[in-house]
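# Overview (structure and organization)
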4 protein chains.
Amino acid sequence: MTRQKKIRLGMIGGGEGAFIGAVHRHAAGLDGHYELVCGAFSRDQDNNTRTAQSLDLPAERVYDSWEEMLEQEAALPENERMQVVSIVTPNHLHVPVSIAAAKAGFHVFCEKPAATSFDETKALADAISSAPVLYGLAHTYQGYPMVWQARHMVESGMLGKLRKVYVEYPQGWLSGEEESHNKQASWRTDPALSGASGCMGDIGTHAFSLAEFILGDKITQLCGELNTHVDGRRLDDDGAALIKTDNGVTGVLIASQVCAGEENPLKIKVYGEKGGLEWRQMEPNSVIYRPVDAPYQVFRAGQPSVCEDAQSQLRVPAGHPEGYLEAMANLYTAFAASVRSGKSGTADKVPGLASGIRGMAFIKAMLDSSGSEQKWHSIADNHD
Amino acid sequence: MTRQKKIRLGMIGGGEGAFIGAVHRHAAGLDGHYELVCGAFSRDQDNNTRTAQSLDLPAERVYDSWEEMLEQEAALPENERMQVVSIVTPNHLHVPVSIAAAKAGFHVFCEKPAATSFDETKALADAISSAPVLYGLAHTYQGYPMVWQARHMVESGMLGKLRKVYVEYPQGWLSGEEESHNKQASWRTDPALSGASGCMGDIGTHAFSLAEFILGDKITQLCGELNTHVDGRRLDDDGAALIKTDNGVTGVLIASQVCAGEENPLKIKVYGEKGGLEWRQMEPNSVIYRPVDAPYQVFRAGQPSVCEDAQSQLRVPAGHPEGYLEAMANLYTAFAASVRSGKSGTADKVPGLASGIRGMAFIKAMLDSSGSEQKWHSIADNHD
Amino acid sequence: MTRQKKIRLGMIGGGEGAFIGAVHRHAAGLDGHYELVCGAFSRDQDNNTRTAQSLDLPAERVYDSWEEMLEQEAALPENERMQVVSIVTPNHLHVPVSIAAAKAGFHVFCEKPAATSFDETKALADAISSAPVLYGLAHTYQGYPMVWQARHMVESGMLGKLRKVYVEYPQGWLSGEEESHNKQASWRTDPALSGASGCMGDIGTHAFSLAEFILGDKITQLCGELNTHVDGRRLDDDGAALIKTDNGVTGVLIASQVCAGEENPLKIKVYGEKGGLEWRQMEPNSVIYRPVDAPYQVFRAGQPSVCEDAQSQLRVPAGHPEGYLEAMANLYTAFAASVRSGKSGTADKVPGLASGIRGMAFIKAMLDSSGSEQKWHSIADNHD
Amino acid sequence: MTRQKKIRLGMIGGGEGAFIGAVHRHAAGLDGHYELVCGAFSRDQDNNTRTAQSLDLPAERVYDSWEEMLEQEAALPENERMQVVSIVTPNHLHVPVSIAAAKAGFHVFCEKPAATSFDETKALADAISSAPVLYGLAHTYQGYPMVWQARHMVESGMLGKLRKVYVEYPQGWLSGEEESHNKQASWRTDPALSGASGCMGDIGTHAFSLAEFILGDKITQLCGELNTHVDGRRLDDDGAALIKTDNGVTGVLIASQVCAGEENPLKIKVYGEKGGLEWRQMEPNSVIYRPVDAPYQVFRAGQPSVCEDAQSQLRVPAGHPEGYLEAMANLYTAFAASVRSGKSGTADKVPGLASGIRGMAFIKAMLDSSGSEQKWHSIADNHD
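Residues numbered from 1 in each chain as written. Chains lettered and ligands numbered in written order. Predicted model: local features only at pLDDT ≥ 70, side-chain atom pairs only at ≥ 80, totals over all residues. Heavy atoms only, no water.

## A look at the UniProt feature "domain: Gfo/Idh/MocA-like oxidoreductase N-terminal" (unreviewed entry) in chain A
Inclusion rule: UniProt positions are given in the numbering used here, feature names are shortened, and annotations may be inferred rather than shown by experiment. Secondary structure counts use DSSP, requiring at least four H or I residues in a row for a helix and at least two E residues in a row for a strand, with both numbered from the N terminus.
Per the UniProt annotation, the sites labelled "domain: Gfo/Idh/MocA-like oxidoreductase N-terminal" (unreviewed entry) are residues 7–137 of chain A. End C-alpha atoms of residues 7–137 of chain A are separated by 18 Å, and the span's content is 39% helix alongside 21% strand.

## Remarks on the relation of the copies chain C and chain D
The criterion, for reference: Our superposition of the copies is a least-squares fit, built on the C-alpha atoms of residues whose pLDDT is at least 70 in both. We call two residues in contact when some of their heavy atoms are within 4.5 Å.
Rotating chain C by 180° about the axis while translating it 0.0 Å along that axis superimposes it on chain D, leaving an RMSD of 0.0 Å. The superposition of one copy onto the other is thereby described by a two-fold rotation axis. Distance from the rotation axis, computed per C-alpha, reaches its smallest value in chain C at Lys375(C): 2.2 Å. A shared interface surface links the copies, since 100% of the contact residues of chain C are contact residues in chain D too.

## A few points about the sheet that holds strand S1 (residues 7–13) of chain B
Residue and element names in this part refer to chain B. Here is the rule we go by: Should DSSP find at least two bridges between two strands, the strands are taken to pair. Only the stretch in contact is used when a helix axis is fitted, and all axes are lines through C-alpha atoms; the angle between N-to-C directions ranges over 0 to 180 degrees.
One open sheet holds the five strands; their spatial order is S2-S1-S3-S4-S5, and the pairing between them is parallel. The sheet is open, and its two borders are formed by strand S2 (34–40) and strand S5 (135–138), each paired with just one other strand. Averaged over neighbouring strand pairs, the angle between their axes works out to 25° when direction is ignored. Packed on one face of the sheet, helix H11 (residues 324–341) meets S1, S2, strand S3 (84–88), strand S4 (107–111) and S5 and runs near 165° to S4.

## Examining the domain arrangement of chain A
Often the size quoted for an interface is simply the accessible area lost on bringing the parts together. Residue and element names in this part refer to chain A. Operational definition: A domain assignment, automatic or from a database, supplies the domain bounds used here. The term buried area refers to how much accessible surface (probe radius 1.4 Å) is lost by two components on association, counted for both of them together. A carboxyl oxygen of Asp or Glu within 4 Å of a side-chain nitrogen of Lys or Arg is what we treat as a salt bridge. We call two N or O atoms a polar contact when they sit within 3.5 Å, provided that within protein one can donate a hydrogen and the other can accept it, with sequence-adjacent residues counted only if both atoms are side-chain atoms. In this classification, Asp, Glu, Lys and Arg are treated as charged, Ala, Val, Leu, Ile, Met, Phe, Trp, Tyr, Cys and Pro as nonpolar, and every other residue, Gly included, as polar.
For chain A, the domain assignment lists domain 1 (7–141 + 335–350) and domain 2 (143–316 + 360–370). A C-alpha centroid distance of 26 Å is found between domain 1 and domain 2. Taken together, the contact pairs 21 residues of domain 1 with 29 residues of domain 2. A buried area of about 2000 Å², summed over both sides, lies between domain 1 and domain 2, and 57% of it is on carbon and sulfur atoms. Counting the surface domain 1 buries against domain 2, the share from its top three residues, Phe118, Tyr141 and Lys349, is 40%. The interface formed by domain 1 and domain 2 holds three salt bridges in total. Put simply, domain 1 and domain 2 have 13 residue pairs in polar contact (both at pLDDT 80 or more) between them. Each residue belonging to the side of domain 1 that touches domain 2 can be placed in one class, and the counts come to nine nonpolar, eight polar and four charged.

## Description of the relation of the copies chain B and chain A
Mapping chain B onto chain A calls for a screw motion: a turn of 180° about the axis and a shift of 0.0 Å along it, with 0.0 Å RMSD after fitting. With an isologous cut-off of 70% or more, the 100% of interface residues of chain B that recur at the interface of chain A puts this contact in the isologous class.

## Structural notes on the sheet that holds strand S2 (residues 34–40) of chain C
Residues and elements named next belong to chain C. Read from one edge to the other, the open sheet built from five strands follows the order S2-S1-S3-S4-S5, with strand pairing classed as parallel. Strands with a single pairing partner mark the edges of an open sheet, and in this sheet they are S2 and strand S5 (135–138). For this sheet, the mean inter-axis angle between neighbouring strands, taken without regard to orientation, is 25°. Sheet analysis places strand S4 (residues 107–111) next to S5, joined by four bridges and oriented parallel. Residue pairing for S5: valine 108 is matched across the bridge by tyrosine 135.

## Comments concerning the packing of helix H1 (residues 20–30) of chain B against H11(B)
Residue and element names in this part refer to chain B. Quick note on the threshold: An angle counts as roughly parallel when it lies under 35 degrees, as roughly antiparallel when it exceeds 145, as roughly perpendicular when it falls between 65 and 115, and as oblique in every other case. If you view the pair so one helix is near and one far, a crossing is left-handed when the near helix is turned anticlockwise from the far one by less than a right angle, and right-handed when it is turned clockwise.
The interhelical angle for the contact between H1 and H11, taken along N-to-C directions, is 65°, at an axis separation of 8 Å. With respect to H11, the axis of H1 lies roughly perpendicular. Relative to H11, H1 is oriented so that their crossing is right-handed. Seen from H1, the contacting residues are Ile20, Val23, His24, His26, Ala27, Ala28 and Leu30; seen from H11, they are Tyr324, Leu325, Glu326, Met328, Ala329 and Tyr332.

## Quick word on the interface of chain C and chain D
Listed per partner, the contact involves 45 residues of chain C and 45 residues of chain D. For the chain C and chain D pair, buried surface summed over both sides reaches about 3100 Å², with 53% attributable to carbon and sulfur atoms. When the buried area of chain C at its contact with chain D is split by residue, Arg163(C), His229(C) and Lys375(C) rank highest and sum to 20% of it. Taken together, the links from chain C to chain D amount to 10 salt bridges.

## Some words on the pairing of S3(B)
Residue and element names in this part refer to chain B. For clarity, the cut-off: For every residue, the accessible area (1.4 Å probe, protein chains only) is compared with the maximum for its type, and the residue is labelled buried under 20%, exposed over 50%, or partly exposed between those bounds.
Most of S3 sits out of view: five of its five residues are buried. What you see with S3 is no split at all: Val84, Ser86 and Val88 on one side and Val85 and Ile87 on the other are buried throughout. As paired elements, S1 and S3 share five bridges and run parallel to each other. Bridging from a neighbouring strand, methionine 11 pairs with serine 86 of S3. Note: S3 against S4, four bridges, orientation parallel.

## Focus on the pattern of salt bridges
Charged atoms that come close allow side chains of opposite charge to pair. A full pass over the atoms with the stated rule returns 103 salt bridges over all chains. Among the ionic pairs, Glu155(C) bridges to Arg151(C), the shortest N-O distance being 3.9 Å. With a gap of four residues between them, Glu155(C) and Arg151(C) both fall in helix H6 (residues 145–155), about one helical turn apart. What makes Glu155(C) exposed here is its relative accessible area of 59%. You can call Arg151(C) partly exposed: its relative accessible area is 23%. Each of the salt bridges in this network shares a partner with another, and the network as a whole consists of Glu262(A), Glu278(B), Arg280(B), Glu283(B) and Arg290(B).

## Concerning helix H6 (residues 145–155) of chain B
The α-helix winds at 3.6 residues per turn, so residues separated by three or four positions along the chain end up facing the same way. Residue and element names in this part refer to chain B. Within H6, eight of the 11 residues are buried, leaving the element largely enclosed by the surrounding structure. For H6, the complete set of buried residues consists of Pro145, Met146, Val147, Trp148, Gln149, Ala150, Met153 and Val154. Looking at the residues trailing H6, positive phi occurs at glycine 157, about 85°.

## Some remarks on the interface of chain B and chain A
On the chain A side, the residues contacting the 45 residues of chain B number 45 residues. Between chain B and chain A, roughly 3200 Å² of surface is buried when both sides are summed, and carbon and sulfur atoms account for 53% of that area. Among the residues chain B hides against chain A, the three largest losses belong to Arg163(B), His229(B) and Lys375(B). Together they make up 20% of the total. If you look at where chain B meets chain A, you find 10 salt bridges. Asp238(A) serves as the salt-bridge partner of Lys164(B), at 2.7 Å between the closest nitrogen and oxygen. Counting every contact that joins chain B to chain A gives 24 residue pairs in polar contact (both at pLDDT 80 or more). Those elements that provide at least two residues to the side of chain B that touches chain A are strand S6 (162–170), strand S7 (219–227), strand S8 (238–245), strand S9 (250–256), strand S10 (267–272), strand S11 (275–280), strand S12 (286–291) and helix H12 (353–370) of chain B.

And the structure:
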């Protein structure tokens, strides 16, 4: 066995005060596969410098802008320069930075959503497919081992033929007006920075992506409604949809950021002819399995009964809870394995471009449906 | 204080093998306000006799048919004859028996739904309003004390201006085919006995009624879909709807009988500007209250912090669970108080005709919406 | 089939303001097997009269004292007089009334504890064994169907050879001083009315009895400590013990009435070589079963996987919660069956004299142990 | 602000197949304060090499033995050599390695227990107090932010004067015989490697330490019993104790490794005159607060109502669960702050030597008590 070198990571966005940048850094650090070597953390240069110093980065690898970072890193010797770039900016930069990074030969690990609109994903897809790089999308919840257990239960037939899916993501943190909140609230409700949808783009895509991942099938039609419950808000802060697959599964998707008092209780329930399952983000180490006419069972992270894909993404024995950062770390660690293996396109066990495009197609259909008097709308993910 | 005489109760339906008849008898017995004096339990005379004997009824007060019972009881001296009739037949008899009983001067306590269709409720309303009798409808869940606490939280402003309501009622007992089930499954999926809707009529009406009760407001529009997931079934076994009130509350209503493995987890969540609440039928002695930016609180049956309407419907101290039969008993006990007070029309603290009509209007709108390409449908409860 | 006559029930104690008397009346009413025909509810004659009138009792069957009631009822014709007497007085009367009732030929259904001391149980045992009557003891928690399921799991070997038992009963209602509480608190902390132990006699006996019932074995040794945490209280309000059986099971028993904020969370956990189980009074319709190396399972009241003894004591389908009153009603209903069958001594499925004696032997051992410097004390239930 | 340099960390123990070594590495990596620079992971040189290579360590910083590592690292230039050593060996090496490391001038971060016996802690204390180094002990559970919240609730008087503490730590992983288990089971049940106590030393100390931390007081007396439930096992696998403080708090401590089916549900409940609290390791982001006569409240990690000490140890917003590795990372991160500040002795917010000595004093008292006929034993932590 030869020495397993750390992967050189750069970060764009994620200065002090940002939420998700720190999450990515914790996640990249947890398993020891990455070394952060450079960053352009903020356009505010004080913030940029402070962030870099707190991370023990040498001054020459801290850049004033993402454009400069991509250019100068590309000019470094191959064994020094950044290999992977984490993009943790507001949404409107996800596509431009991803495309530029791919063109410069860097693997891209991008915070979701992949884009601000479905249309924008076409250029992104073209750029990624033309470059010998990996593209990973931080649908963090797919990094939870027990989400893989849920998917395994469906795949292995424990539920029988599927009939129902209910996925809900009710948050409360945008119940008040923006003034009373933080920087997060401010850019996430600004169409110029966030995209055409607020709540549905921010967390509805998580719910949608999680549902398709566990179902192993596409949700092809929806009848949805977006709402803005807080006066003066410029984007939706709430919505729901009746949903369908082509294989006869029906259900409901709910996403809201005005469910006052709720934290982050993303939950999914799936039912088939032979039983049902339930997974909850706030108790992520369990999957409840309800077979017909038998006691319900709770599959627990770390127990021998759990599937191999779940086991391999766990770090500690049953009963020692792993959480959100571990889920994100699983994506980073899986991405590292694909980087080391020389793969391009989609990394094993990491949501990729296809997932990003599906998410934006879902948003497009929700926006179309919400204003429409027509009941059902298709979720189309082709760019023609 | 004078002696508080027991109320003489008769029962139509509820022979051996029926579910809800026994529930009504337990409920009527719990608080000691009723004495069962007569019955027409089943058209199967063996069943009818066996049921009557197990209940210690004298043979002369056991009748071959409900028509005979109403006629002969009416002919008895006033201080002997039945005062209240409980109707626990399959749905198609609810209206004919209710009307006949009202005309004969008996107070009516009817299992839900009030009717098999919205149209049928007109004659019922006419009959009830013309007779000096009470009409109660067994929306059992409104007998839970902590449902009153939830309503109180809304009414007293603990949630602020309301924004969201989610109500779900996922059962699993009709996941298989009828053959594999019992008598219950069989009549409930037969349009001639059950009415035009299966699942939505059976349990969707509970969800709808509960939501309007706690909101203290009418749900005026819906966009719904009914499904039949089991091959060969003649009525819907599943459905969902996006819902709205005229006051800006939006939400989702879910009812299903093919959520394999689920028992009876009726649940409601309501959110306003200042906080949210949650009540679950399977843990009925708690209401979770989630104020913005404070620890969530669990209001518990029997604690001094619980509202008077909840307290007065409880029997044992906090921590001694009361359940489904106690909820039904609360309706019977409240009905008894109105009987004793000489009231007619609607009994205090018991769902009445208006609630029954709203339920049937909801079903009508669901049926209209489900087949339609139009997105939104009104829930209209006027008979013009 | 012949008509199943109601059993004529009398009640001693249980006037307005008492807690447990009403519980017994609800329980006796729930299944329709009893008719309350007489009572001596309170030595306060106003209370006695008011209680009787609220229960629709004829004045001639309301007695000034329990002595008078036993005497006069015995003088009535056999087909009119009380058959069963419920004793719901403070503890100090349990033995005298039970003995007198047995001697007068009435079946006795007595609230726990059976006596105020172990010594007192000798005369009780003599009286009961000499009379052709049944004796039932209201260890209510043994009326919960899922407690039978727990016992079944042990008996049928699902846990393997037993090793551990933990039973805890932490209440909070005596956290304050008596003045701030009700009538309940006052007599329960008075040695003259309650007996030599407060908390341990009141609820420790429940915990002990439940543990022996589920283990199917005697707890033979303990090392215990009683505490009085509230200044000025005359009896223990708290305690705990290390416990052992002769078959190698070890464990802990906890009972407290100063666990501020707790309601009534009696809980038991039992572990054997092959798995463990857990039952909680506040969620009484579930038993958690934890087999080694497999997902844990939740056995639910009403599911087909539940044992026959549990099923037969349930009234409604899975998911419709039954609670404390139903548990007590199960004892009353089982007692009724033994009354009808002409049995004497112990009724089937109802805790009897042996259970009462065990409870008092436990209290004796706790009192001995608490003051002692010796570590282990035997729980001896022989009267020699 | 100047650049915040990473701290150079070395590790002794923790080769492939070990559990806790990897936990320490994840924890040290999570917040980015450490760089692993050297290690002596295993006496098995293949394991040692493989572990080092997987961690991207240069060959010259991988040592054959801990003695060699301490010697050679001490000889390196100050700005290169290890600053902190993590000791993650079996228990019998904790004291010898800690003493040698302290003497060589390295800060020590040691897995618990601090020693294999109370006597052994004397030399350890002498060595630490004589050297200008920090000593941290990995009582991981004190790294959970909500454990600090629990302590805060006690300290700030939310519970009033304390009365009761119950702490329980029931695991099931040693329910079977050692052969059927892993390397972990094998050394943990070997007195030569583990020390004089098995279960109580391994996890009882966690429970004890957690209780004293939250109480903010010493547990001074116990009456305990150790058991060995699995035939042939050489150390205790189970035990319990009645416990007391000098300030009138009484309670129970339970630790077991034969509670078949249990994972890692360490739980503590504390009650005072005004209310109670509960914290559970398997749902570590909540503290339940039960005030007298008010709804119970659930304090949640990340909510503004949580105390500053808890907030400052959290990384993500409320509802994004943090777990066991984050708890350990909190200890590492707090230790890093004290390293940087030049402190010696005990690091802020990290259990130190005093905690280690208390744990061993507890074990000594448990061993004394278990074999004794005397009821109460003191927990004495002085070395005279």
